[in-house]
Amino acid sequence: MTTVPFALYDAFTDMAFGGSQAGVITDAADIDEDTRIKIAREIGAPATSFVSAYDQHSVTAQFYSTVMELPMCGHGTMCLMTHMLDLGMVGEGVVTLNLPKNTATVELSRRDDGRARVMLDIKSPTFRTDDLDLVELAGYLGIADSDYRNDLPIETAAGDFIHLVVPVKDLATMQRITPDLGGIKQFCLTAGLETVAVFSTEVEQEGYTIHVRDFCPAVGVAESAAAGTTNAALTSYLIRHEMVTPDVKGEIVVQAEQGHEIERPSSIRSVVAMDGTKIQRLQVGGVATRGLDGNLYV
């Protein structure tokens, strides 16, 4: 029997019982893939990270949901890097995250209160308009197709994940959604989608830009309480449709609230450097809070 230390964090929140959970295992070099899958299922979080190598400026890792390996995970990166920074396994500054199919740049710093702040570089997605039955989708969301915004398109954003971006009219519509998760899963699998990201520009909290609900049963998560890759796609959509504009420094900041309807409130910050009308750099991040730690016996 092997002892495997692990920690469980809540991403995109500085309070307990908020955000999106991710497990972290920092000594996974000798854990085979089959065992990693079993551990991820045992922990039961939306994502679990497994670190096979690291130094102060580089981390080699994989992410798994309870049903599949993930090519990237924004909230998992928040949890992973917060844990490793707090343990002194990586340092502040720029850290390279090496994943099986790509690499990502992560910027680590500390807030004035000492909490780790993690900002992940995410490549802006490409957009397309798919031929989808949007009346059928509305039924799976528990709303009417008249609740969609008629001044904005429903588009597919293809990046690390494939998101269907669905703008709705108001906060009341967001709160009225009662998802048919089986229907949404089949809709996504048929259409080649991985998440359905619904948002409104009416928000609950002052200072926020959008209110988000992200349904991901096709990748093993019913509703995500906080999603970095999804918010990168939503921020790119807002820029694409000129719903946000740069400040005098050519920077755009989008603050998203998510997870309120499932009682796991989160705050996701997207920061974009613009070069004219083009996205030059897109970062998504925030803080993560440790919920528990202990050992698995494998």
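Scroll up a little and you will see the structure.
Because the structure is a prediction, the values reported are computed rather than measured. (Residues numbered from 1 in each chain as written. Predicted model: local features only at pLDDT ≥ 70, side-chain atom pairs only at ≥ 80, totals over all residues. Heavy atoms only, no water.)

1. Notes on the overall build of the protein
When helices and strands are tallied, the protein shows six helices and 18 strands. Scaling as 2.2 N^0.38, a compact globule of 298 residues should have a C-alpha radius of gyration of about 19 Å, and the protein matches this with 18 Å. Summarising its shape, the C-alpha atoms of the protein cover approximately 55 × 45 × 35 Å along the three principal directions. Taking all 298 residues of the protein together, 52% fall into the buried category. (Helix = DSSP H or I, 4+ residues; strand = E, 2+ residues; numbered from the N terminus. Rg over C-alpha atoms; globule rule 2.2 N^0.38 Å. Buried < 20%, exposed > 50% of the residue type's maximum accessible area, 1.4 Å probe, protein only.)

2. Observations concerning the pattern of salt bridges
Enumeration over the complete set of coordinates arrives at 14 salt bridges. Here aspartate 113 ties to arginine 111 by a salt bridge, and the two come within 2.7 Å at their closest N and O atoms. Residue arginine 111 is classed as partly exposed on the basis of its relative accessible area of 22%. Each of Asp14, Arg111 and Asp113 takes part in one network of salt bridges that share partners. (Salt bridge = Lys/Arg side-chain N within 4 Å of Asp/Glu carboxyl O.)

3. Some remarks on the side chain of aspartate 10
Examined against the element boundaries, aspartate 10 turns out to sit in strand 1 (residues 3–11). By relative accessible area, aspartate 10 is classed as buried at 6%. Among the polar contacts made by the side chain of aspartate 10, one reaches the main-chain amide nitrogen of phenylalanine 17 at a distance of 3.2 Å. Of note is the side chain of aspartate 10, whose polar atom sits 3.0 Å from the side chain of arginine 264. In contact with aspartate 10, not counting residues within four places along its chain, are Met15, Ala16, Phe17, Gly18, Ser20, Gln21, Cys79, Arg264, Val287, Ala288 and Thr289. (Polar contact = N/O pair within 3.5 Å; in protein donor to acceptor, adjacent residues only side chain to side chain. Contact = heavy atoms within 4.5 Å.)

4. Points about the packing of aromatic side chains
Scanning all chains against the criterion turns up four aromatic pairs. Summarising the aromatic geometry, the rings of phenylalanine 199 and tyrosine 237 are spaced 5.7 Å apart at their centres and angled 70° between planes, so their arrangement reads as edge-to-face. Of this pair, phenylalanine 199 sits in strand 12 (residues 195–200) while tyrosine 237 sits in helix 6 (residues 228–240), and the two are 38 residues apart along the sequence. Considered together, phenylalanine 199 and tyrosine 237 belong to a single accessibility category, that of buried residues. Grouping aromatic residues by their ring pairs yields a cluster made of Phe127, Phe199 and Tyr237. (Phe/Tyr/Trp six-rings, centres within 6.5 Å; stacked < 30°, edge-to-face > 60°.)

5. Remarks on the pairing of strand 1
Within a regular strand, the side chains alternate between the two sheet faces. Taken across its nine residues, strand 1 has seven buried, putting it largely inside the fold. As judged from the nine bridges shared by strand 1 and strand 18 (residues 288–297), these two strands associate in the antiparallel manner. Each bridged residue has a counterpart across the sheet, and for valine 4 the counterpart in strand 18 is leucine 296. Strand direction decides the pairing type here: strand 1 and strand 2 (residues 20–25), joined by five bridges, are antiparallel. Directly across from alanine 7, in strand 2, lies its bridge partner valine 24. (Pairing = 2+ DSSP bridges.)

6. Considerations on helix 5 (residues 181–191)
Regarding helix 5, the residues found buried are Gly183, Ile184, Phe187 and Cys188. Buried positions in helix 5, seen along its axis, are confined to an arc of 130° and lie on one side of it. Opposite the buried face of helix 5, at more than 90 degrees from it, the exposed residues are Gly182 and Thr190. Residues of helix 5 that are buried make contact with helix 3 (134–141), strand 11 (162–167), strand 12 and strand 13 (210–216). Phi turns positive, to about 75°, at glycine 192, one or two residues after helix 5. (Arc of directions from axis to C-beta.)

7. Digging into the environment of aspartate 86
Residue position: aspartate 86 is located in helix 2 (residues 74–86). Along the primary structure aspartate 86 and glutamate 42 are separated by 44 residues, whereas in three dimensions their C-alpha atoms are 25 Å apart. Non-local contacts of aspartate 86, meaning those with residues more than four positions away in its chain, are made with Tyr9, Arg110 and Ala116. Looking at aspartate 86, its side chain comes within polar contact range of the side chain of arginine 110, at 3.2 Å.

8. Observations regarding the nonpolar core
The tendency in soluble globular proteins is for nonpolar side chains to be buried as a group. Counting residues in each nonpolar core, the largest one holds 58 residues, and the members touching the most others are Val59, Leu80, Met81, Leu97, Leu108, Phe199 and Ile210. Not counting the four nearest positions on each side in its chain, phenylalanine 199 is found in contact with Val165, Val166, Pro167, Val168, Met174, Ile210, His211, Val212, Leu234, Tyr237, Leu238 and Met243. Formed by 19 residues, the second largest nonpolar core is a distinct cluster that contains Leu164, Met174, Leu193 and Val196. (Core = buried A, V, L, I, M, F, W, Y, C linked by side-chain atoms within 4.5 Å.)

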